[in-house]
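Descriptive analysis of the structure
What follows is each chain in one-letter form.
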Amino acid sequence: MKTNLNLNLKNIFDWSIIQEDKPIIISGPCSAETEEQTIQTAIALRKFGIKIFRAGIWKPRTRPNSFEGVGSIALEWLKTVKSETGMFLATEVANVKHIYESLKAGIDILWIGARTTANPFAIQEIAEALKGIDIPILIKNPVNPDVNLWIGAIERFYKTGITKIGAIHRGFSTYEKSIYRNIPQWQIPVELKTRIPEIPLLCDPSHISGNRQLLKDISQKAIDLNFDGLMIETHPSPDKAWSDAKQQITPNSLKHMIDNLVIREELPKGISLDTIEDLRYRIDQCDDELLNILEKRMNLVHSIGIYKKENKMTILQPGRWENVIGKSIERGLKKNLNKDFISNIFKSIHQESINKQNKIMNNR
Ligand code: PEP
Ligand code: MN
């Protein structure tokens, strides 16, 4: 599906101003906590060649009474970071007051958090407050997996005259248990890039993973998918961080991780969905989905097994089975799937369902 955006994104965020090669790395603490922690992190990162410093000042937290950021005072600390290291500064803004204060303090890049992107009223207000100020804006995906809502936020900024726009993929909330804090659903940023090929696309592995262990794999996946850069949270003593302690790493570990990433050759302009990398990736996604669905189906089989046992019903109900396989073959044919292929798969699923119910009936 092509976008009807009709945006002329030629001017869109030109990283050459920052002289940053791909992958662009933005790093710094989840939150600025103290002046010392902020400056210490920046100096360490700068030593490793990182040019863009991030720090949250106003923190949108899920529940009240968690640490909500130190507020405007940290803008002074960020100014010091700039004068001492020459780094570009990035912070999250969620309302008009944040915008004014950040601009006054000389913040170079603003980012919009996932909870804000999900709210078109907030986005509209922020976008209007920026009228006539062409500062780079990075827009995180909304918390829910809705690519149109993400594109809507991009459009709102673009329509008020901002052209330096980038997107950050930080994963999506889910009720289901997962190894991720926010499940990546890579097909969504890939669709965004397909619909707006000009947009620089970064990945935030810190908020996707929610822990240090997964950071490297997620970063590598983003690079494999031709993302333009990474935003990663760093802290001098991660375990002592006031927010997101589990997912932060030291600047040293960041350096080590980046040095160990396989940086892929630049693909032809924009993400081409025909590259073998992308296709394999999407096949892996399908396989994951297949396994999740099989798991769900077998859980239902378990429940029906218990029901049949309690009601002294037979496991095999031939009418029902004929119905299932008949309907599946018919639907499969409409999807251009071979009859024998569908029949074999469903026979195998059915056999496993019978085995499972048999075990339940016989208490094995
Ligand atoms: C953050 O970057 O610190 C942050 C709060 O991220 P998100 O909006 O992705 O939750
Ligand atoms: Mn964070």
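Nothing here was measured: the structure is a model prediction, and the numbers come from that model. (Residues numbered from 1 in each chain as written. Chains lettered and ligands numbered in written order. Predicted model: local features only at pLDDT ≥ 70, side-chain atom pairs only at ≥ 80, totals over all residues. Heavy atoms only, no water.)

**Focus on the overall build of the chain**
Looking only at helices and strands, one finds 13 helices and eight strands in the chain. Its C-alpha atoms put the chain at 75 × 45 × 40 Å along the principal axes. Taken across its 364 residues, the chain has 48% of its residues classed as buried. Counting contacts in the chain only where the partners sit at least 6 residues apart, residues at least 24 apart contribute 73% of the total. Carbon and sulfur atoms make up 52% of the accessible area of the chain, which amounts to about 19,100 Å² in all. When the 50 basic and 43 acidic side-chain charges of the chain are each reduced to a single mean position, those positions are 6 Å apart. (Helix = DSSP H or I, 4+ residues; strand = E, 2+ residues; numbered from the N terminus. Buried < 20%, exposed > 50% of the residue type's maximum accessible area, 1.4 Å probe, protein only. Contact = heavy atoms within 4.5 Å. Areas by Shrake-Rupley, 256 points an atom, 1.4 Å probe, with all protein chains shown as cover. Lys, Arg positive; Asp, Glu negative; His and termini not counted. Charge placed at Lys NZ, Arg CZ, Asp CG, Glu CD.)

**What to know about the nonpolar core**
Soluble globular proteins: nonpolar side chains tend toward being buried together. Residues Phe 53, Leu 130, Ile 137, Ile 139, Phe 157 and Leu 192 are the most contacted members of the largest nonpolar core, which totals 64 residues. By size, the runner-up hydrophobic cluster in this structure holds 11 residues, among which are Ile 24, Ile 52, Leu 138 and Ile 168. (Core = buried A, V, L, I, M, F, W, Y, C linked by side-chain atoms within 4.5 Å.)

**Digging into the packing of helix 11 (residues 276-310) against helix 13 (residues 339-361)**
One can describe the packing of helix 11 onto helix 13 by two numbers: an axis separation of 9 Å at closest approach and a directional angle of 40°. Considering their axes alone, helix 11 and helix 13 lie oblique with respect to each other. Helix-helix and strand crossings are classified by hand; for helix 11 and helix 13 the assignment is right-handed. Across from Leu 294, Arg 297, Met 298, Val 301, His 302, Ile 304, Gly 305, Ile 306, Lys 308 and Lys 309 in helix 11, the residues of helix 13 making contact are Ile 349, Glu 352, Ser 353, Lys 356, Gln 357, Ile 360 and Met 361. Here the residues of the contact of helix 11 with helix 13 sort into eight nonpolar, four polar and five charged. (Axes fitted to C-alpha atoms, helices over the stretch in contact; angles between N-to-C directions. Parallel < 35°, antiparallel > 145°, perpendicular 65-115°, else oblique. Left-handed = near helix turned anticlockwise from the far one by under 90°. Nonpolar A, V, L, I, M, F, W, Y, C, P; charged D, E, K, R; others polar.)

**Focus: helix 5 (residues 120-129)**
For helix 5, the full list of buried residues reads Ala 122, Ile 123, Ile 126, Ala 127 and Ala 129. Buried residues of helix 5 fall within an arc of 160° about the axis and therefore sit on the same side. Across from the buried face of helix 5, at angles greater than 90 degrees, the exposed residues are Phe 121 and Glu 125. Contacts made by the buried residues of helix 5 are with helix 3 (96-104), strand 4 (109-112), helix 4 (114-117) and helix 6 (147-159). (Arc of directions from axis to C-beta.)

**Re empty space enclosed by the protein**
Applying the stated criterion across every chain yields a total of one cavity of 30 Å³ or more. Considering the residues around the largest cavity, the lining is formed by Trp 186, Gln 187, Val 190, Leu 225, Asp 278, Tyr 281, Arg 282 and Gln 285. Only helix 7 (187-195) and helix 11 provide two or more residues apiece to the lining of the largest cavity. For the lining of the largest cavity, the element with the highest residue contribution is helix 11, accounting for four residues. Counted by class, the lining of the largest cavity contains four nonpolar, two polar and two charged residues. Each of domain 1 (24-259) and domain 2 (274-361) gives at least three residues to the lining of the largest cavity. (1 Å grid on protein atoms, 1.4 Å probe; cavity = no way out; pocket = protein on both sides within 12 Å on 5 of 7 lines; lining within 4 Å. Points joined across faces, edges and corners; volume = space filled by probe spheres on them. Domains from an automatic or database assignment.)

**Quick word on the coordination of the manganese ion (ligand 2)**
Here the manganese ion (ligand 2) is held by Cys 30 (SG), His 207 (NE2), Glu 233 (OE) and Asp 244 (OD), and the distances to it run 2.1 to 2.4 Å. On the primary sequence, the residues serving as donors to the manganese ion (ligand 2) are separated as C-x176-H-x25-E-x10-D. Note that Glu 233 is positioned in strand 8 (residues 229-233) and Asp 244 in the loop between strand 8 and helix 10 (251-259), a separation of 11 residues in sequence. You'll find Glu 233 and Asp 244 in the same group, each marked buried. (Donors = N, O, S within 2.8 Å, 3.2 Å for Na, K, Ca; no water.)

**Thoughts on helix 10**
Among the residues of helix 10, those classed as buried are Pro 251, Leu 254 and Met 257. Projected down its long axis, helix 10 carries its buried residues within an arc of 120°, all on one side. Every exposed residue of helix 10 that faces more than 90 degrees away from the buried side is listed here: Asn 252 and His 256.

**Details of the pattern of salt bridges**
Counted under the stated rule, the structure contains 13 salt bridges. Its salt-bridge partner being Glu 76, residue Lys 79 comes within 3.3 Å of it at the nearest N-O pair. Placement of both Lys 79 and Glu 76 in helix 2 (residues 73-85) is noted, with a separation of three residues, approximately one turn of the helix. For the salt bridge of Asp 244 with Arg 181, the shortest nitrogen-to-oxygen distance reads 3.1 Å. Taken together, the residues Asp 244 in the loop between strand 8 and helix 10 and Arg 181 in the loop between strand 6 (165-169) and helix 7 connect sequence positions 63 residues apart. Each of the salt bridges in this network shares a partner with another, and the network as a whole consists of Lys 22, Lys 193 and Asp 228. (Salt bridge = Lys/Arg side-chain N within 4 Å of Asp/Glu carboxyl O.)

**Remarks on the domain arrangement of the chain**
Put simply, an interface is often sized by how much accessible area is lost when its parts join up. The domain boundaries assigned to the chain delineate domain 1 (24-259) and domain 2 (274-361). Relative to domain 2, the C-alpha centre of domain 1 lies at a distance of 41 Å. Residue-level contacts link six residues of domain 1 with five residues of domain 2. Across the interface of domain 1 and domain 2, roughly 520 Å² is buried in total on both sides, 57% from carbon and sulfur atoms. For domain 1, the biggest contributors to the area lost against domain 2 are Trp 186, Asp 224 and Leu 225; these three give 57% of the whole. The interface formed by domain 1 and domain 2 holds one salt bridge in total. Between Glu 176 and Lys 296 there is a salt bridge whose closest N-O contact spans 3.9 Å. Joining domain 1 to domain 2, the criterion identifies one residue pair in polar contact (both at pLDDT 80 or more). By residue class, the composition of the side of domain 1 that touches domain 2 is two nonpolar, one polar and three charged. (Buried area = accessible area lost by both parts, 1.4 Å probe. Polar contact = N/O pair within 3.5 Å; in protein donor to acceptor, adjacent residues only side chain to side chain.)

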